[in-house]
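# Structural description and commentary
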Amino acid sequence: MIKALSGVRVVEQGTFITGPCCGMMLADLGADVIKIEGPEGDPYRSYQGGQYSPHFQAYNRNKRSLMLDMKLGTDRVLFDGLIREADVYIQNFRPGTAERLGAGVERLQQLNSRLVCCSISGFGSSGPYVDRPSYDSVAQALSGFLSVVVDYQRPQFLGPALADAITGIYASQGILGALVQRGRTGRGCHVEVSMLEAMTHFAVEPFAAFFALGQTPTSADRPRLAQAYILRTADERLIAIHLSSLEKFWEGLVAALEAPELASDPRFNPRERRIAEYEALRVELNTRFARQPLDHWVRRLQAKDVPYAPVNRLHDVVSDPQVEHLGIVVPVESPHTATQAVRPAVQFDGSRAKSVDAAPLLDQHGESIRAALGRGESWPASNRGGGSSC
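Notes on the structure follow. Only a predicted model underlies this, so the values are computations on that prediction, with no experimental measurement involved.

### What about the state of the cysteines?
On inspection of all chains with the given rule, the structure shows zero disulfides. Of all cysteine sulfurs in the structure, the one in Cys-118 sits closest to Cys-22, which takes part in no disulfide; the separation is 4.6 Å. In this structure Cys-22 comes out as buried when scored by relative accessible area, which is 0%.

### Description of the packing of helix H1 (residues 18-28) against helix H7 (residues 162-185)
Their axes nearest at 7 Å, the elements H1 and H7 cross at an angle of 50 degrees. Regarding the angle of H1 to H7, the classification is oblique. Where H1 crosses over H7, the two elements pack in a sense that is right-handed. Residues Thr-18, Cys-21, Cys-22, Met-25 and Leu-26 of H1 form the contact with H7, whose participating residues are Asp-164, Ala-165, Thr-167, Gly-168, Ile-169, Ala-171, Ser-172, Ile-175 and Leu-176. For the contact of H1 with H7, a count of residues per class yields nine nonpolar, four polar and one charged.

### Overview of the packing of aromatic side chains
Under the criterion given, the structure shown has 11 aromatic pairs. Arranged with centres 4.6 Å apart and planes meeting at 40 degrees, the rings of Phe-289 and Trp-297 form a pair that is tilted. When its relative accessible area of 0% is taken as the criterion, Phe-289 is described as buried. On the basis of relative accessibility, which here comes to 4%, the residue Trp-297 falls in the buried class. These aromatic residues form a ring-pair network of at least three members: Phe-16, Tyr-44, Tyr-47 and Tyr-135. For the cation-ring pair, Arg-132 lies above Tyr-129, with the distance from its terminal atom to the ring centre recorded as 4.4 Å.

### A short note on the pairing of strand S10 (residues 329-333)
Every other side chain in a regular strand lies on the same face of the sheet, so the side chains alternate between the two faces. Looking at chain direction, S10 and strand S11 (residues 340-342) are connected through three bridges and run antiparallel. Looking at S11, one finds that Val-329 is bridged to Val-342. Hairpin geometry of S10 and S11 is characterised by an intervening segment of six residues between the two adjacent antiparallel strands.

### A few points about the pattern of salt bridges
Per the stated rule, a full pass over the model turns up 25 salt bridges. Arg-232 is the partner of Glu-236 in a salt bridge, and the nearest nitrogen-oxygen pair spans 3.5 Å. Its relative accessible area of 55% is what places Glu-236 among the exposed residues. For Arg-232, a relative accessible area of 40% gives the class partly exposed. Through salt bridges with shared partners, a single network forms among Glu-261, Asp-265, Arg-267, Glu-284 and Arg-288.

### Comments concerning the side chain of Ser-194
The residue Ser-194 is located in strand S6 (residues 190-194) in this model. Within polar-contact distance, the side chain of Ser-194 engages the side chain of Glu-197 at 2.7 Å.

### Concerning the sheet that holds strand S2 (residues 32-37)
Sheets are built from strands that pair by backbone hydrogen bonding, the pairs being arranged parallel or antiparallel. Pairing is parallel across the open sheet formed by six strands, whose spatial order is S3-S2-S1-S4-S5-S6. Every other strand in the sheet has two partners, leaving strand S3 (63-67) and S6 as the edge strands with one partner each. Recorded for the sheet is a direction-independent mean angle of 20 degrees between the axes of neighbouring strands. As defined by bridge partners, strand S1 (residues 9-13) adjoins strand S4 (residues 88-91) across four bridges and the pair is classed as parallel. Opposite Val-11, over in S4, you have Tyr-89 as the bridge partner. In the packing of H1 onto the sheet, the strands contacted are S1, S2, S3, S4 and strand S5 (116-121), and the crossing angle to S4 comes to about 150 degrees. Strands S5 and S6 of the sheet are contacted by helix H8 (residues 195-202), whose axis makes an angle of about 70 degrees with S6.

### Observations regarding helix H3 (residues 73-85)
With 13 residues, H3 extends 19 Å between its outermost C-alpha atoms, agreeing within 8% with the 18 Å of an ideal straight helix rising 1.5 Å per residue. Considered for burial, the residues of H3 that qualify are Asp-75, Leu-78, Phe-79, Asp-80, Gly-81, Leu-82 and Ile-83. Elements that come into contact with the buried residues of H3 comprise S1, S2, S3, S4, helix H5 (105-111) and helix H18 (366-374).

### What about the environment of Asp-320?
Looking at where Asp-320 falls in the secondary structure, it is placed in the loop between helix H16 (314-317) and helix H17 (321-326). We classify Asp-320 as partly exposed; its relative accessible area is 23%. Between the C-alpha atom of Asp-320 and that of Gly-41, which follows or precedes it by 279 residues, the distance is 37 Å.

### Regarding the sheet that holds strand S12 (residues 356-357)
Across the sheet, which stays open at both edges, the three strands sit in the order S11-S10-S12 with mixed pairing between neighbours. Whereas interior strands pair on both sides, the edge strands pair on one side only; in this sheet they are S11 and S12. In terms of strand pairing, S10 meets S12 through two bridges, oriented parallel. Residue pairing across strands places Val-332 opposite Val-356, the latter belonging to S12.

Parameters at a glance
Residues numbered from 1 in each chain as written. Predicted model: local features only at pLDDT ≥ 70, side-chain atom pairs only at ≥ 80, totals over all residues. Heavy atoms only, no water. Disulfide = S-S within 2.5 Å. Buried < 20%, exposed > 50% of the residue type's maximum accessible area, 1.4 Å probe, protein only. Axes fitted to C-alpha atoms, helices over the stretch in contact; angles between N-to-C directions. Helix = DSSP H or I, 4+ residues; strand = E, 2+ residues; numbered from the N terminus. Parallel < 35°, antiparallel > 145°, perpendicular 65-115°, else oblique. Left-handed = near helix turned anticlockwise from the far one by under 90°. Contact = heavy atoms within 4.5 Å. Nonpolar A, V, L, I, M, F, W, Y, C, P; charged D, E, K, R; others polar. Phe/Tyr/Trp six-rings, centres within 6.5 Å; stacked < 30°, edge-to-face > 60°. Lys NZ or Arg CZ within 6 Å of the ring centre and 35° of its normal. Pairing = 2+ DSSP bridges. Salt bridge = Lys/Arg side-chain N within 4 Å of Asp/Glu carboxyl O. Polar contact = N/O pair within 3.5 Å; in protein donor to acceptor, adjacent residues only side chain to side chain. Expected span 1.5 Å × (residues − 1).

Scope: geometric values only; no functional claims are made or implied.
Here you go:
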């Protein structure tokens, strides 16, 4: 594994996605992440029954698990021992919960002034919404993000838990900045990010358009301006094309379709007309793409240098030649889970992760961590797999 953060010690008390995703981002870069779980474990473990759901596995790889009951004095002592030696502490409790558990920022930084504390919440630590529960769908809706990705005539949520994962990624970015600052000052700080703030920032482009133009963007604006289309082929496959603002892509598409009539149609020329007549052009393109199967259009578009991609299902992705070339799918080092996973996205000096460690079973590392702390070791050693260091 990539070990850019080798030597960085993280205590994570995260549940579901935002906190665990943040911890995983650091673990993927080589940080040693000890995930603290209560006696029942992270609720995401049992998301589809059992104690090891694929959803839990997704955001908890490359970590160790230690079960602690924070109501017990002995376990609080173990927790404090880890905090004294940690570089980072992550939690995504509702505001006030960490303080009740003895894990409030003020107390933890009294134990360790170099500690970077990260608090992830739904709406921030104060304000009129502070006591409201928040989940992915709530943050997407409140932030305005959902309004620029859904069709108001047929509204439905899109796929994965975007707000949860994106908030976790923003939190990890904040932690990395805090660690750099600590390198200059010698002191930790309190990093805070809410799902509302993360998703509002993630929608920075439509907000910029709103502030500049005084018009509220809709979900149709981006594909219309970018001249992006999803089209259905004769074999019922979907293909995406993106013409952007370069005239050569439009000319390439016309050539690939062998449809010179489109090049002379006043409805679609110049580009500003194509933007205005987006729906009419979509109908024309769908009619033409429906005449041939996907493979035909892949060859034609590639030959004319048009930006395109088939809309791959996941089973298509794992066998895609470029995905295979980049080694995006890697082995999972574990006897009790799936044998493959998607590796971390970042490379350092051409080096990338060649495998990942599976998400831990509940308290999988508890015995070894407790034994090490009992021997007076400052931070229990990890036996995670070796890897590159940049």
